[in-house]
Amino acid sequence: MKGKEIAYLAVSLCLLSSFLIKPAAAGPSPNKRSDNKKEHCNKTVEIYEDVSSPEVTPENVGKPMTCWYRFRSFRGTPKDWILRIKFNKFKVGRLVNASHCEGGYMQIVDGNAKTDVSNRKEPGLFCGESEQPQIFMSETSFVKVLFHSDNFTDQTYFSFDTKAEQQLVVYLRYGQHPELYPNRRGEVVHGSYCERIFRDCRLQTCYVQSPAYPGVYPRNLHCRYYLNTRLPFIKLYIENEEFNIDGQRCENIMTCPMRPISSGQENCPYDYIKIYDGKNEFSPIIGTFCGMGKFPYSIIGTSQDLFVEFVSSPAGPMLNTGFHFNVGNWPGHVDTAGSRNGTCDWLLSSESLRASGDSEGIFLSVAHWYPPHTSCTYLMQGEEGEIVRLYFPSFRINRIESPIQPIEGDCGESLTLYDASWPDDSKIIKTFCDTFSKAMEKHDFVSTGNALFVRFESKTGSYSGSSLYYWAHYDFFNNTKLGEPVPGKACDEVFASWRQSKGYLRSPLNTLVYKQGTASEDVQCLYRFVTDKRLFARVILTVKSMNFKEHPYNPGPCSNCIEDRVDKLLVWEPLPPGVNSTVNPLPLSKAVQNGDATCFCDKLPQPKQIISKGEQLNLQLIVDQAHSALSYFKHSAPLFEASYEFVHGPLCGPPIIQPVIDGEIHYPYYEAIGYVEPPKSIRCIWEIKVNRDRDLWLHFERTKFASKYCDDGIIDLFLKGKTDPYLSICGENVSMIKELPILSAAELSPDGNNPSITIQFVGRTSPTRAAFKIAWTELFHLPRNQDGSLMSSRLTEGGDPNSVEGCEFSCPGDQGLCIPTRLVCNGVVNCPNVTGAKATDLSDEAEELCRKETMPEINLNLLYGVAGLIVLLTCSCCLWLCRRCYKCCCSDDDDDD
């Protein structure tokens, strides 16, 4: 058998033998025995022996009397046995002013010099009257009770009995399985009666109790309890037990009212428990409590430590049973990625969040005690260009349950969100109040700038945390706009040429836009490119890559980009070329309807380039709201990447040339030379539109490049629908311009619509040193007969250019090329150099042709004109001289008279 079981058996046998022997012995009757007990005083009594006050006799009445009783423990009784002393009735002395005993008292000495704990030096005094049984449960197995009366009469009496109990039996004190938790009531500080240390407290492992609990506590106590948990926030609470510290302080329990639980030193002048938020008595005081009843609060500290002080007055009634607290920690602690100033003022920066390695930061409602008029703040501070999102996965709003200073009226506690870095009342996003607000869970509160400020305010204070219970998450999003942001739009941007002539763009860096849309609307981001013809006349947009995820509800390839329910990019020109910007822009729906929108939805095998015809270009990103948040929220990879460049400055001249029979492009454009600052580089793009069914012959004149290197300057010719140049000319191959081929109508318009050719000049070094003239002529082929011979018809300029009415001038060669007569001998070669020309065929600028047909007519007209002018001038001079002479003669005659 174990030692405890052997000891328990020995005590039981001893008790049994005593009961068996006493009845058999010849002795007095029970009444007689009771009388004998009254005659005994100042003695050691056996456990389980009934003790009563001495009988009043003529010898002791009215005289002082002192009686003590020491309880004898059984031999071999282990230390884990305690004594339960039940005072059946008690009336000794009188409690005066609730502070000292008059006329008599009782002392209970718990322990001696040999026990671990003892109050023998200052045991305190009990006095007054108690008609109801009161129990004292010792801390040790050695107890001494002393009664004293200044004037012993029949009004001084007491009666008590005792029994020994093992710790395993006293559940209310030691709890279940005390052998597993030997320090459940704390480690006793050597030499003290009730100073205890509690380490690493967890649920049901630490019992903070008044001495002698669950019986009445001794007097003249000054107990100190050092409480500690592994994690904050340490919590001190009472489950089902009653709290009774100085709940009654008077002589007669029948006429003594119960004092409700009170707080404050002024309300608890005698017995009280004082709780400190820290390791010792120098820590902030949470509260001072006394009274009787259900303790309404859980006390939650701000750290892992609490210090509890229990004081009982030197004298008092035998009425109050003390307290039993459990210790744990409130499961509301998280490691917040930020810095704290004081108890609850936090700076939560994006830098700290990144350093923690977490994508979201967390902070909780105030879970610990706080005094009235407390203000706790949380500043979520991002870097330049960032915005802040705050949401509450869990949010409950309750009435204030543990106020320190109750108030009347609404909003004793509030939580306010500010779209600012400080509590700016003009930028309040939302205020939650404990009395009338509704919690908003999983709702995103987003700042417009790089800071969001949250302030919790409490007028009442609380012992156990906020009535607004929330679990807050925050994160930061890069809201940098590569262009100019559009007010009121989440992701729209404007790229203006007067701010930056070229640059990079991508899908929103702020992926929160994919989560903020409504369920009925797709996520749409509009990128506008705007210029002015005084700066540039065109926009080049190059879509470099697209990385759309597969639509979870519409898998498969993108067959109809515009109509399909897919993520896409749409490009269109909101204004036709040359139209004033004050005109209402063309909406996307109209552009789609007109077939003027370009749509992309699949991954690009190579970059796609779009060149505007006018001064504006729009790019719109459309993401299906059905999966935008799931697919792209916090998805760092861009959905698309593109670049833009504003080109075709004033030195380039008009960007689009409408169909004409002949035309010229001059670079630099003479009209712009006087007011344009020479650029460091330039890119000109001309679109030459051609009449249908016409060939085109280009020829260069006075061509000069800045250097012979193609990297410094180059001219590229692009056929319609081609991305690679048809012909490139630079300083290295400038001689090629002497033998340029004729561009056929089929090459100019592969699809049969709107024939044109694009010419691009890129000057990267000293573009103003380059100069050239590009002339062109539209050519018409005479139809052929069935035998292959050319039809004899004429080409005229009047009427429909597509109608064949004749050929005014036939160019040399057998291709049947025709030009109008007005282009003959106009100083520009309009007929190309072709093979198969006969020796007798003359070019449109042949010297023989121009001298024979043009020169005589021109000289005759000039002769007639000059002759007429001379005659007119001669007549005018003669008339003027005659009038002058006449005036002079008349003047002389008048003088002679």
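Visitor: What's the story with the overall build of the protein in this structure? I'm lost.
Guide: Summing up its helical and strand segments, the protein has 10 helices and 55 strands in all. Relative to its 897 residues, the protein shows a buried fraction of 47%. Contacts in the protein between residues far apart in sequence, at least 24 positions, make up 77% of those at least 6 positions apart.

Visitor: Can you walk me through empty space enclosed by the protein in this structure?
Guide: Any empty space left between atoms is shown by rolling a water-sized probe over those atoms. Within the structure shown, the criterion is met by 5 cavities of 30 Å³ or more. Taken as a whole, the largest cavity holds about 90 Å³ of empty space. In this structure, the largest cavity is lined by 14 residues; those nearest its centre are T480, K481, E493, P508 and L509. Classifying every residue of the lining of the largest cavity gives 6 nonpolar, 5 polar and 3 charged. In this structure, the second largest cavity is lined by P54, M65, T66, C67, F147, H148, S149, F152, T156 and F158. Going through the elements one at a time, β3 (65-72) and β11 (143-149) are the ones with two or more residues in the lining of the second largest cavity. A class-by-class count of the residues in the lining of the second largest cavity yields 6 nonpolar, 4 polar and no charged.

Visitor: Mind showing me how you'd approach the confidence of the model for the protein here?
Guide: Detail in the predicted coordinates should be disregarded across regions flagged by low pLDDT. Of the residues in the protein, 87% have a pLDDT of 70 or more, and the chain-wide mean is 85. Contacts from residues 854-858, a stretch scored under 50 in pLDDT, to residues over four places away or in other chains number 4 contacts.

Visitor: Help me understand the sheet that holds strand β31 (residues 413-418) in this model?
Guide: Strand pairing within a sheet occurs via backbone hydrogen bonds; the two strands may be parallel or antiparallel. Read from one edge of the open sheet, 6 strands run β26-β27-β29-β34-β31-β32, paired in mixed fashion. Single-partner strands in this sheet number two, and they are β26 (339-341) and β32 (428-433). Each adjacent strand pair in this sheet contributes to an overall mean axis angle of 15°, direction not counted. For strand β29 (residues 374-381) and strand β34 (residues 451-458), the ladder comprises 8 bridges, and the chain directions are antiparallel. Looking across to β34, one finds that M380 is bridged to L452.

Visitor: In this structure, what is going on with the nonpolar core? I would like to understand it.
Guide: Proteins that are soluble and globular tend to have nonpolar side chains buried together. Within the largest apolar cluster, 36 residues are counted, with the highest numbers of intra-cluster contacts made by L227 and L236. Listed by contribution, the elements that provide at least two residues to this core are β16 (222-228), β17 (234-237), β18 (243-245), β20 (272-276), β21 (285-293), β23 (305-311) and β25 (324-329). When residues no more than four places from it in sequence are discounted, the contact partners of L227 are F198, V208, I234, L236, Q304, D305, L306, V308 and V327.

Visitor: Sorry, what's going on with the state of the cysteines here?
Guide: Every disulfide links exactly two cysteines, by a covalent bond between their sulfur atoms. For the structure on display, the rule yields 14 disulfides. The disulfide bridge from C558 ends at C601, spanning 1.7 Å between sulfur atoms. In this structure the cystine formed by C558 and C601 twists about its S-S bond by roughly -90°; its chirality is therefore left-handed. Of the two residues, C558 sits in the loop between β40 (538-546) and β41 (568-572) while C601 sits in the loop between β42 (598-600) and β43 (608-611), which places them 43 residues apart along the sequence. Accessibility expressed as a relative area gives 15% for C601, which makes it buried.

Visitor: Even after reading the chapter, I still don't get the side chain of R219, so can you show me in this structure?
Guide: In this structure, R219 sits in the loop between β15 (207-209) and β16. Its relative accessible area of 1% is what places R219 among the buried residues. A polar side-chain atom of R219 sits 2.8 Å from a polar atom in the side chain of D271.

Visitor: Could you clarify how one ought to interpret the sheet that holds β43 in this entry?
Guide: The strand order across the open sheet formed by 4 strands is β38-β45-β40-β43, and the pairing between neighbours is antiparallel. Of all strands in the sheet, those bounded by a partner on one side alone are β38 (502-506) and β43. Going from strand to strand, the sheet's axes swing by 20° on average, the running direction of each strand aside.

Visitor: Just checking my understanding: could you explain unusual backbone geometry for this structure?
Guide: The omega torsion across Y213 and P214 is 10°, close enough to zero to call that bond cis. Structurally, P214 is set in the loop between β15 and β16. Of the consecutive residues Y667 and P668, the connecting peptide bond is found in the cis state with omega at -5°. Assignment of secondary structure puts P668 in the loop between β47 (662-667) and β48 (682-689). Located in the positive-phi region is A98, a residue other than glycine, with phi close to 55°. Checked against the element boundaries, A98 lands in the loop between β5 (94-96) and β6 (100-102). A relative accessible area of 15% means that A98 is categorised as buried. Phi at N220 takes a positive value of approximately 60°, unusual for a residue other than glycine.

Visitor: I would appreciate a short explanation of the pattern of salt bridges in the present structure.
Guide: Per the stated rule, a full pass over the model turns up 35 salt bridges. A salt bridge links E457 to R455; its shortest N-O distance comes to 3.7 Å. With relative accessibility at 31%, the residue E457 sits in the partly exposed group. Overlapping salt bridges, with partners in common, bring together E360, R389, D444, D475, K515 and K634 in one network.

Basis of the calculations
Residues numbered from 1 in each chain as written. Predicted model: local features only at pLDDT ≥ 70, side-chain atom pairs only at ≥ 80, totals over all residues. Heavy atoms only, no water. Helix = DSSP H or I, 4+ residues; strand = E, 2+ residues; numbered from the N terminus. Buried < 20%, exposed > 50% of the residue type's maximum accessible area, 1.4 Å probe, protein only. Contact = heavy atoms within 4.5 Å. 1 Å grid on protein atoms, 1.4 Å probe; cavity = no way out; pocket = protein on both sides within 12 Å on 5 of 7 lines; lining within 4 Å. Points joined across faces, edges and corners; volume = space filled by probe spheres on them. Nonpolar A, V, L, I, M, F, W, Y, C, P; charged D, E, K, R; others polar. pLDDT = per-residue confidence, 0-100. Pairing = 2+ DSSP bridges. Axes fitted to C-alpha atoms, helices over the stretch in contact; angles between N-to-C directions. Core = buried A, V, L, I, M, F, W, Y, C linked by side-chain atoms within 4.5 Å. Disulfide = S-S within 2.5 Å. Polar contact = N/O pair within 3.5 Å; in protein donor to acceptor, adjacent residues only side chain to side chain. Salt bridge = Lys/Arg side-chain N within 4 Å of Asp/Glu carboxyl O.

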